[in-house]
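# An overview of the molecular structure
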Amino acid sequence: MRGLIASIAILGLVGLAVGVSAQAVTEAPVLATVTAQLIAVSVLNGTVDYGILSVSTSKNTISPSQTQTATNDSNVTAKLNIKSSDAVGGVNWDLAATAAADAFTHEFSVDGGTNWTAFSPDNITYSTLNASVAAGGTQAFDLRIGTPISVSDNVQKTITVTVQATTP
């Protein structure tokens, strides 16, 4: 019986020794970094002066050059969108698909005036200026206005063209 108790005691000590060595802990670090995504756009020069125009005429920013340049100030590739407002001041002019009384057309071009895209008359819907501009990249564009066929006043109008940056 003594031999059996001694054998059990020795096996218990061996099990304890094995259990202690199995409890050892090691560590290894994992370094994680993160940068917040920034979506931003700026426009240079940001001002267009169409001047004094007759009714039923058009004018663009190509000559004399008032070409605008949108810069993707984001830290990622961005999609650039564009929209136009109505012309406000005095009796407002509505942005329209075709010129009418106190209604004007407004378009943009990204290829120097070879092709023109009409702004959406709803003043809400953006058009794509460029679907993919790298961080720090630019997109030049020109504008063209078509004046109303008749106007209610000769007060200077202001049109806001908005360029938006989003994720593609």
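Before reading further, recall that the structure is shown in the block above.
These lines cover the structure that appears in this document, whether it is placed above or below. For every chain, the first residue of the written sequence is number 1, and numbering continues from 1 along that sequence. In view of the model being predicted, local features appear only for residues whose pLDDT reaches at least 70, and side-chain atom pairs are presented and counted only at 80 or more, with totals across whole chains, interfaces and linings using the full set of residues. Think of the side-chain values as coming from all heavy atoms in the structure, minus any hydrogens and water.

### Some points on the nonpolar core
Rule in force here: Nonpolar cores were defined as sets of buried Ala, Val, Leu, Ile, Met, Phe, Trp, Tyr and Cys residues, with membership established by side-chain atoms within 4.5 Å. Residue exposure (1.4 Å probe, protein chains only): buried if accessible area is under 20% of the type maximum, exposed if over 50%, otherwise partly exposed. The secondary structure listing takes helices from DSSP runs of H or I that are at least 4 residues long and strands from runs of E that are at least 2 residues long, numbered from the N terminus. A contact between two residues is defined here by any heavy atoms of the two lying within 4.5 Å.
Counting residues in each nonpolar core, the largest one holds 18 residues, and the members touching the most others are Ile82, Leu129 and Phe141. Of all the elements in the fold, those that place two or more residues in this core are strand S4 (78-88), strand S6 (103-109), strand S8 (127-133), strand S9 (138-146) and strand S10 (158-166). Looking at this core, the element that brings in the most residues is S4, giving four residues. If sequence neighbours within four positions are ignored, Ile82 has contacts with Phe108, Phe119, Thr125, Tyr126, Ser127, Leu129, Phe141, Val161, Thr162 and Val163.

### Notes on the packing of aromatic side chains
This is how it is decided: Pairs were defined over the aromatic rings of Phe, Tyr and Trp, the Trp ring being its six-membered one, requiring ring centres within 6.5 Å. Orientation was assigned from the angle between planes: stacked under 30 degrees, edge-to-face over 60, tilted for the rest.
Applying the stated criterion across every chain yields a total of two aromatic pairs. With centroids separated by 6.3 Å and ring planes inclined at 50°, the aromatic side chains of Trp93 and Phe104 adopt a geometry described as tilted. Of the two residues, Trp93 is situated in the loop between S4 and strand S5 (94-95) and Phe104 in strand S6; the sequence distance between them amounts to eleven residues. You can call Trp93 buried: its relative accessible area is 12%.

### Examining the layout of surface pockets
The following threshold applies: A cavity, in this analysis, means grid points on a 1 Å lattice covering only the protein atoms where a 1.4 Å probe fits yet has no way out; a pocket is instead an open set bounded by protein on both sides within 12 Å along at least five of seven lines, and a residue lines either one if it has an atom within 4 Å of a point. Grid points are joined across faces, edges and corners, and a volume is the space filled by probe spheres set on the points. Note on residue categories: nonpolar means Ala, Val, Leu, Ile, Met, Phe, Trp, Tyr, Cys or Pro, charged means Asp, Glu, Lys or Arg, and polar means any other residue, Gly included.
By volume, the largest pocket is sized at about 850 Å³. Along its surface, the largest pocket is lined by 29 residues, and Tyr50, Gly51, Gln156, Lys157 and Ile159 are the ones closest to its centre. Of all the secondary structure elements, the ones that give two or more residues to the lining of the largest pocket are S9 and S10. In terms of residue count, the dominant contributor to the lining of the largest pocket is S10 (four residues). A class-by-class count of the residues in the lining of the largest pocket yields 16 nonpolar, ten polar and three charged.

Everything listed is a geometric property; what it means functionally is a separate question.
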